[in-house]
Amino acid sequence: MKPTDINDPSYFHKVVDCQWACPAHTPVPEYIRLIAQKRYTDAYMINWYSNVFPGILGRTCDRPCEPACRRGRIDEQPVAICRLKRVAADYKSDISKYLPSIPKKKNGKHIALIGAGPAALTVARDLLPLGYEITLFEKDGVAGGAMRTQIPRFRLPVEVLEEELNYVIDLGINCRFGEEITSMRDLLAEGFDAIFVGTGAPLGKHLDLPGFEEARDNIHTGIEWLASVAFEHVSSIGKKVLVLGGGNTAMDCCRTARRLGGDEVTVVVRSGFDEMKASAWEIEDAMNEDIPILNFHAPKRYICEDGKLVAMEFEKVRKETDKNGRRLLIPTGEDPVILPCDDVLCAIGQENSVPWIERDLGIEFDQWELPILNKLTFQTTHERVFFGGDAAFGPDNIISAVAHGHDVAVSIHLICTEQDINDRPDPITSLASQKMGIHQWSYDNDISNDVRYIVPHAEKTKTLHDVNMEVELGFDEALALKETQRCLNCDVQTVFTDQLCIECDACVDVCPTDCITFTANGEESDLRSSLMAPAENPDQDIYVSGLLKTGRVMAKNEDLCLHCGLCAERCPTNAWDMRKYLFDTAKASA
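Residues numbered from 1 in each chain as written. Predicted model: local features only at pLDDT ≥ 70, side-chain atom pairs only at ≥ 80, totals over all residues. Heavy atoms only, no water.

Before going further, it helps to examine the overall build of the protein. Scanning the protein for helices and strands turns up 23 helices and 22 strands. For 590 residues, the compact-globule estimate of 2.2 N^0.38 gives 25 Å, and the C-alpha radius of gyration of the protein, at 26 Å, lies within 12% of that figure. Considering only C-alpha atoms, the protein reaches an extent of 90 × 65 × 50 Å along its principal axes. Sequence separation of at least 24 residues holds for 72% of the intrachain contacts in the protein that already meet a minimum separation of 6. Surface summary for the protein: the accessible area is close to 25900 Å², and the carbon and sulfur share equals 48%. Side chains of the protein carry 62 positive and 92 negative charges; the gap between the two charge centres is 2 Å. (Helix = DSSP H or I, 4+ residues; strand = E, 2+ residues; numbered from the N terminus. Rg over C-alpha atoms; globule rule 2.2 N^0.38 Å. Contact = heavy atoms within 4.5 Å. Areas by Shrake-Rupley, 256 points an atom, 1.4 Å probe, with all protein chains shown as cover. Lys, Arg positive; Asp, Glu negative; His and termini not counted. Charge placed at Lys NZ, Arg CZ, Asp CG, Glu CD.)

And the structure:
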């Protein structure tokens, strides 16, 4: 193999697994170190520039960073990255002086945003400091999109939502709330330099089974019902409630139903427990509120008596796999299961819906009514129209919508400044030694086992009777400090200088994971398998040096490295150095 090019921005970025896994590539270890120093405002602003909604995401994020966390390879439990993000939001000071200044003189470009969700607000946040005029159209009377309508207040208090929405809105967006766009043709005719569509996936699916028409008054689509609760159009539900579906919306529906009068709320899922799409912690929260989850129950019909819904019938199934590896649900042959109910909440999926976009404008859609996009630029087949968030590729999560917004802002800025939209700006990177003495470092790394700390919760006897009472209380400062100490600082990289190495093998002897090997070079597949600890994860590169004096190379299994720094401490020639790598994704900039 050729020597590793550590100047490639993606190399060490990929090694910082948590940041790499985050769609917005938030520099996780950097803000965790700041929290450890009680620099909460600084930690918040690092998040704000990256993911825009730290307080919201610190409560609601799907946490793709956490399964990637290296701490999980030691203790099985990753660092509570998401909850530490909330700590920065909870303990920050006034951030107004840190917000970007908005030029009074505009640059002459006017952008339309449709929908006031996380993607559109991110586009606005990135473009407003560059002098763009932004007009936002939102059919509801307030901003937030799915963050407001689909996330219950017991998970996301309204004051947290409003605070972070207003940080962006108050930068100077022309907000036209309560105004629904009914024609893309008319909007294009207004002469906007670019139009962004961030209307989400607003259509919930219902289950049209026998008995549906008779029972329809008591059958609700999950996201629409949650929105009705959020806007206080609905304040009660029947005593016996069935929730159909195994995703996060289903978990929000069942927990909300418990608070609105559902004494017996049951989640019913066709698949197995391990196939449920809901996040593990959301399932755990529902179960902790005494909500049973029935798996392998396929719904068959609604049962009505005297024109009123009284129960549903389910068929018990089991999972099998056909010769092509496809999952099949096979009836077990057992008697049908009858579950009494007063109301049914269908949380079985969402769909895109843009009937207001005329199909003769040059904006092409696929068979699922999703726009055909350039996945790098988010540009449609019409050069002035862009999509992002759930409207782009279907239902996903807030952090992905934010990432889309950043990319769209770059695209809009490039076309408005007559540059190549595919020529994307490079990220900002730095690689700085952490050495403070011969063998002293400016960071602390403890690789000993340390269990994940539990986030305190409010009393269940109180929260189950108040739909607005926040369940999770968040870490206090003492618990937050303990949790920050679990971070392995995986952005502090082990950098090897082959000219200084004397091949004494001291680093090999001290390495706790056997991730360093001095060996003959070879093809990647051979080298991966011949390491002391074979590099079995093909998604993570191995670090290969140039030829050493003996003709061997140093090869390091980056997937196993804990960034403990013992190799650098032990090395007698300083061939190993610990260098902090900062990676900041490119944003729209002047």
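On we go from here.
Another point: the sheet that holds strand S1 (residues 110-114). Reading across from one edge, S3-S2-S1-S4-S16 is the order of the five strands in this open sheet, with parallel pairing throughout. If you trace the sheet from one side to the other, it starts and ends with strand S3 (174-177) and strand S16 (385-387), each paired once. On average, adjacent strands in this sheet sit at an angle of 20° to one another, irrespective of strand direction. Across four bridges, S1 lies against strand S4 (residues 194-197) in parallel orientation. Its bridge partner being in S4, Leu 113 is matched across the sheet by Phe 196. (Pairing = 2+ DSSP bridges. Axes fitted to C-alpha atoms, helices over the stretch in contact; angles between N-to-C directions.)

Under the domain assignment, the protein is made up of domain 1 (101-202 + 352-416), domain 2 (204-349) and domain 3 (492-584). The distance between the C-alpha centroids of domain 1 and domain 2 comes to 32 Å. At the interface, eleven residues of domain 1 touch eleven residues of domain 2. Of the roughly 920 Å² buried between domain 1 and domain 2, counting both surfaces, carbon and sulfur atoms make up 61%. It is Thr 149, Gln 150 and Phe 154 that lose the most area in domain 1 upon contact with domain 2, and together they represent 52% of the buried surface on that side. As a salt-bridge pair, Arg 155 and Asp 252 come within 2.9 Å of each other at their nearest N and O atoms. On the surface where domain 1 and domain 2 come into contact, there are three residue pairs in polar contact (both at pLDDT 80 or more). (Domains from an automatic or database assignment. Buried area = accessible area lost by both parts, 1.4 Å probe. Salt bridge = Lys/Arg side-chain N within 4 Å of Asp/Glu carboxyl O. Polar contact = N/O pair within 3.5 Å; in protein donor to acceptor, adjacent residues only side chain to side chain.)

Glancing now at helix H18 (residues 398-416). Between the first and last C-alpha of H18 there are 27 Å, a value that for 19 residues agrees with the 27 Å anticipated at 1.5 Å per step. Counting buried positions along H18 gives 17 out of 19 residues, so the element sits mostly inside the fold. Directly after H18, the chain includes Glu 418, whose backbone phi takes a positive value near 55°. (Expected span 1.5 Å × (residues − 1). Buried < 20%, exposed > 50% of the residue type's maximum accessible area, 1.4 Å probe, protein only.)

Here we come to the packing of aromatic side chains. Counted according to the given criterion, the structure contains twelve aromatic pairs. Among the aromatic residues, those joined into a cluster by ring pairs are Tyr 11, Phe 12, Tyr 543 and Tyr 581. Taking the ring centre of Trp 281 as reference, the NZ or CZ of Arg 63 above it sits at 3.9 Å. A cation sits over an aromatic face here: Arg 125 above Trp 48, 4.4 Å from the ring centre. (Phe/Tyr/Trp six-rings, centres within 6.5 Å; stacked < 30°, edge-to-face > 60°. Lys NZ or Arg CZ within 6 Å of the ring centre and 35° of its normal.)

Okay, the pairing of strand S12 (residues 327-331) next. Side chains on a regular strand alternate between the two faces of the sheet. Direction of pairing for strand S11 (residues 308-321) relative to S12: antiparallel, over a ladder of five bridges. Counterpart to Arg 318 in the pairing with S12 is Ile 330. Here S11 hands over to S12 after five residues, with Gly 325 in that stretch at a positive phi of 85°.

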